Amino acid sequence: MQSIEEAARGARFVCFDLGRLSGMDCTFADQIRLLVLSLEREGTRIFLSSLRSKTVWRLLLAHGVVGESAPQRPVFVTLDQALQQCEEIILSEAGKLRKEQKDEWPLEVLLLDYVEGFVSDKAQASQAAKAAAARFERIELKRNQILFRGDDPANAIFVVAKGIVGASSSLDFAKQLGHFGALLASPQPLHRPSTELDAPSDGHEDFPFMEESTMQEHDQHGVGAILNDTAFFARRKCGAEAAAQSDDCVVFRLRRAAMDELERQDPVAAVLLQKVLLRDLSQLMAQFLCPLQAVSGLS
């Protein structure tokens, strides 16, 4: 603990990610309490994430590290969420708007961001990104307007280009798969366009609205976030619900039929898009699967 305290000294934020922690005893829980209090006395803000073990949760709760007695120490579902909160605090204090809340970003730019450093020919990659982006459909959503539900077939991939999409684990799927199984049902943690997802579109689809009270365990996805790719490649239901959490939200959708057509007609653009999706899925693996494997004793 002393080495952790020395490394964290002077930091403005410290995020404790507990995804690999499967258990602890009272002594260790008390050591965490003392460490947290020591850092907070120096002005450091403490966030916790990936607290998946019920035993760990109960001990930290009993020692006042988390829970109602420690509202200043929020517990996030993922480390990404905790880091996002740090970023939002810093930007808010600096008087700057997050890019998610400002202008719409070109889809090809967002795709290229994912493969930066993974392409040898930047000119070819730029051309391929434009060709891939042309296969997507642009969707505008108002606040609380639903993008997809858990029972929908996962026949499309979505990329956020403006605003914020909130995702939550479906209660039904959580019962069937368990809480973290439901989290993994979507590419990044977790929220029905039409069930006729591959039907011809006239550009005037009806995306219904969701009551805020029905959203469970929000996870916010901003500009550049890719949604539903895990379920898409698994060829099953979405397993989660997603809805716009900001006004004038813009999301691009790639239907399965469009993906198949891209692979046939433009293999170079298809390969670039596959690299984009692999980078996104690798981030999911690092965030969820590796910690879960460690806790479960899997390799």
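Residues numbered from 1 in each chain as written. Predicted model: local features only at pLDDT ≥ 70, side-chain atom pairs only at ≥ 80, totals over all residues. Heavy atoms only, no water.

## Quick notes on helix α3 (residues 54-62)
Keep this limit in mind: Exposure classes here rest on a 1.4 Å probe applied to the protein chains alone. A residue is buried below 20% of its type maximum, exposed above 50%, and partly exposed in between. For helices the rule is a DSSP run of H or I covering at least 4 residues; for strands it is a run of E covering at least 2, with both sets numbered from the N terminus onward. It is the directions from the helix axis to the C-beta atoms that the arc portrays. Here, two residues are considered to be in contact whenever any of their heavy atoms come within 4.5 Å of each other.
Of all the residues in α3, the buried ones are V56, L59 and L60. Mapping the buried residues of α3 onto a view down its axis gives an arc of 95 degrees, with all of them on the same face. Summarising the geometry of α3, the exposed residues directed more than 90 degrees from the buried face are K54, R58 and A62. Residues of α3 that are buried make contact with α2 (26-41) and β2 (45-49). A positive phi of about 75 degrees marks G64, the residue just after α3.

## Quick notes on the packing of aromatic side chains
The test is simple: Working definition: rings of Phe, Tyr and Trp (its six-membered ring) pair if their centres are within 6.5 Å, and the pair is stacked with planes under 30 degrees apart, edge-to-face with planes over 60 apart, and tilted otherwise.
Going through the model one piece at a time under the given rule, you end up with four aromatic pairs. Taking 5.2 Å as the distance between ring centres and 25 degrees as the angle between the ring planes, the aromatic pair formed by F148 and F158 counts as stacked. With F148 in strand β5 (residues 146-148) and F158 in strand β6 (residues 156-162), this pair connects stretches of sequence that are 10 residues apart. The class of F158 is buried, set by a relative accessible area of 1%. Their ring planes at 90 degrees and their centres at 5.2 Å tell us that F232 and F233 sit as a pair that is edge-to-face. F232 sits in the buried class, given a relative accessible area of 2%.

## Thoughts on the pattern of salt bridges
Close approach of charged atoms lets side chains of opposite charge pair. What counts is decided by this rule: A pairing counts as a salt bridge when a side-chain nitrogen of Lys or Arg comes within 4 Å of a carboxyl oxygen of Asp or Glu.
Overall, the coordinates contain 12 salt bridges when judged by the stated rule. Notably, a salt bridge pairs R73 with E40, separated by 2.7 Å at the nearest N-O pair. Highlighted residues: R73 in the loop between α3 and β3 (75-76) and E40 in helix α2, separated in sequence by 33 residues. R253 is the partner of E137 in a salt bridge, and the nearest nitrogen-oxygen pair spans 3.3 Å. By relative accessible area, E137 is classed as partly exposed at 23%. When salt bridges with common partners are traced through the structure, they connect E5, R9 and E42 into a single cluster.

## With respect to a nonpolar patch on the surface
This is how it is decided: Think of a patch as exposed residues, more than 30% relative accessible area, with no salt bridge, where like charges cluster within 9 Å and nonpolar side chains (Val, Leu, Ile, Met, Phe, Trp, Tyr) cluster within 5 Å. Exposure was quantified through the Shrake-Rupley algorithm and a 1.4 Å probe, taking into account, for residues, occlusion by the shown protein chains and nothing else.
A cluster of nonpolar side chains, W57, L61 and V75, forms an exposed patch at the surface whose accessible area comes to about 230 Å². Here V75 lies in strand β3. Judged by its relative accessible area of 33%, V75 is partly exposed.

## Concerning the confidence of the model for the protein chain
A low pLDDT means the predicted coordinates there should not be read in detail. To be explicit about the condition: Every residue carries a pLDDT, the predictor's confidence in it, which falls somewhere between 0 and 100.
Averaged over all residues, the pLDDT of the protein chain equals 78, while 73% of them reach at least 70. Of the regions scoring below 50 in pLDDT, residues 170-204 engages in 104 contacts with residues more than four places distant in sequence or in other chains. This stretch, residues 212-217, has a pLDDT under 50; its non-local contacts, to residues over four places away or in other chains, come to 15 contacts.

## What to know about the sheet that holds strand β11 (residues 249-255)
By definition, the strands of a sheet pair up through backbone hydrogen bonds, in either a parallel or an antiparallel sense. Just so we agree on the cut-off: In this scheme, strands are said to pair when DSSP sees at least two bridges between them. Where helices are involved, their axes are fitted lines through C-alpha atoms of the stretch in contact, as for all axes, and angles between N-to-C directions lie from 0 to 180°.
In spatial order, the strands read β4-β11-β6-β9; together these four strands make up an open sheet with antiparallel pairing. Either end of the sheet is taken by a strand with one partner, and the two such strands are β4 (137-141) and β9 (226-227). Strands β6, β9 and β11 of the sheet are contacted by helix α5 (residues 107-115), whose axis makes an angle of about 105 degrees with β6. Strand contacts of helix α10 (residues 256-265): β6 and β11, with the helix running at about 60 degrees to β11, the strand carrying the most contacts.

## Looking at the sheet that holds β3
Strand order in the open sheet made by the three strands is β1-β2-β3, with parallel pairing throughout. At either end of the open sheet lies a strand with only one pairing partner, and these are β1 (13-17) and β3. Of the strand pairs in this sheet, β1 and β2 are connected by five bridges, and their pairing is parallel. Bridge pairing links F13 to R45 in β2. Relative to the sheet, α2 contacts β1 and β2, its axis offset from that of β1 by approximately 165 degrees.

## Concerning α10
Of all the residues in α10, the buried ones are R256, A258, M259 and L262. The arc enclosing the buried residues of α10, seen along the axis, measures out at 160 degrees, which places them on a common side. In α10, the exposed positions that point more than 90 degrees away from the buried face belong to R264 and Q265.

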